[in-house]
Amino acid sequence: MKMKTLAILLMVGGTLHAQSNCSDIFISEYVEGTFNNKALELYNPTLAVISLESYRLVRWHNGDSLFKEDASLPLGGMISPGKTFVIALQKRDNSGIGFDKMINPELIILSDTLVCPDYSSNSTLYFNGNDAITLEKLVDGKYKIIDIFGKIGEDPGEGWSDEASALGKSKDVTVQTKDHTLVRKASVRS
């Protein structure tokens, strides 16, 4: 499995509603490895235990801007203060091939929960480097985006490139969001 840890700020776009001063959970790591090696790590920067019951993840496939229920994943579980919660794609059958290929056993061990075993039932964790991912919280009966990876409504092709390429400062365009692990910088506070 080819994974490269990058200490870059996750690309954000659209209507970013991440909470100021670390008052809510956020996406701290994005794993888009080869085949089914897909995971998201959530981080609790607060001093309180947070229940994930009022949160969900949404995948915006290939530039979609319309919400799709089968690409929405209600969350469950708890995150202790200063801890992480890892959500990975549930592909544990070592006889699987192609779309059903098993995820790396090390990723299984690191996961707090495995989800979305069947693409046709729920495709949230089947991202491939060019899908926006939102972390949303139920507030006053409506889901509000509190963190985002990528940009809703934008299809970057194979994936998003590094900041220098995106700003036209580099001719060497390197896709950062396909077959890579991205770790949010520790200096990020919202």
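Now for a quick tour of the structure. Note that the structure is predicted; figures quoted are calculated from it, not measured. (Residues numbered from 1 in each chain as written. Predicted model: local features only at pLDDT ≥ 70, side-chain atom pairs only at ≥ 80, totals over all residues. Heavy atoms only, no water.)

## Quick look at unusual backbone geometry
- Here the phi dihedral of Phe35 falls at roughly 50°; this positive angle occurs in a residue that is not glycine.
- As for its placement among the helices and strands, Phe35 is situated in the loop between β2 (26-32) and β3 (38-43).
- Note on Phe35: relative accessible area 51%, which makes it exposed. (Helix = DSSP H or I, 4+ residues; strand = E, 2+ residues; numbered from the N terminus. Buried < 20%, exposed > 50% of the residue type's maximum accessible area, 1.4 Å probe, protein only.)

## Description of the side chain of Asn122
- In this fold, Asn122 is placed in the loop between β9 (113-115) and β10 (132-139).
- Engagement of the side chain of Asn122 in a polar contact is seen with the backbone oxygen of Ser72, the distance being 2.9 Å.
- Within polar-contact distance, the side chain of Asn122 engages the side chain of Thr124 at 2.6 Å. (Polar contact = N/O pair within 3.5 Å; in protein donor to acceptor, adjacent residues only side chain to side chain.)

## Topic: the nonpolar core
- Core analysis: the biggest nonpolar cluster contains 25 residues, and Ile25, Leu42, Leu75, Ile87, Leu125 and Leu135 have the highest contact counts within it.
- Setting aside residues no more than four positions away along its own chain, Leu135 makes contact with Ile25, Phe26, Ile27, Leu42, Tyr55, Arg56, Leu57, Leu75, Lys144, Ile145, Ile146 and Asp147.
- Membership of the second largest hydrophobic core comes to seven residues, among which are Val31, Ala39, Ile103 and Leu107. (Core = buried A, V, L, I, M, F, W, Y, C linked by side-chain atoms within 4.5 Å. Contact = heavy atoms within 4.5 Å.)

## A word on the pairing of strand β8 (residues 84-89)
- The buried count for β8 comes to five of six residues, which makes it a mostly enclosed element.
- Where β3 and β8 come together, five bridges link them in antiparallel fashion. Across the sheet, Glu41 pairs through a bridge with Val86, a residue of β8.
- Pairing of β8 with β9 involves three bridges; the strand directions are parallel. Paired with Leu89 across the two strands is Val115, which belongs to β9.
- Note that the unit made of β8, helix α1 (residues 105-110) and β9 has a crossover that is right-handed. (Pairing = 2+ DSSP bridges. Right-handed = clockwise from strand over helix to strand, strands pointing away.)

## Some details on the side chain of Ser111
- Mapped onto the secondary structure, Ser111 falls in the loop between α1 and β9.
- Judged by its relative accessible area of 14%, Ser111 falls in the buried class.
- Once residues within four sequence positions are removed from consideration, Ser111 is found in contact with Val86 and Ala88.

## Remarks on the sheet that holds strand β6 (residues 72-74)
- Taking strand neighbours across the sheet as the criterion, the four strands line up as β6-β5-β10-β11 in an open arrangement whose pairing is antiparallel. What marks the edges here is a single partner per strand, and that holds for β6 and β11 (142-149). Direction aside, neighbouring strands of the sheet carry axes that sit 25° apart on average.
- Bridge count for β10 against β11 is seven bridges, and the pairing is antiparallel. Directly across from Ile133, in β11, lies its bridge partner Phe149. (Axes fitted to C-alpha atoms, helices over the stretch in contact; angles between N-to-C directions.)

## Some details on the layout of surface pockets
- When its volume is computed, the largest pocket comes out at roughly 370 Å³.
- In this structure, the largest pocket is lined by 20 residues; those nearest its centre are Phe35, Asn36, Lys38, Phe99 and Tyr126. (1 Å grid on protein atoms, 1.4 Å probe; cavity = no way out; pocket = protein on both sides within 12 Å on 5 of 7 lines; lining within 4 Å. Points joined across faces, edges and corners; volume = space filled by probe spheres on them.)

## Focus on the environment of Ser54
- Mapping Ser54 onto the fold places it in the loop between β4 (50-51) and β5 (55-60).
- Relative accessible area serves as the criterion here: at 24%, Ser54 is assigned to the partly exposed category.
- In sequence terms Ser54 and Val139 are 85 residues apart; their C-alpha atoms lie 8.1 Å from each other.

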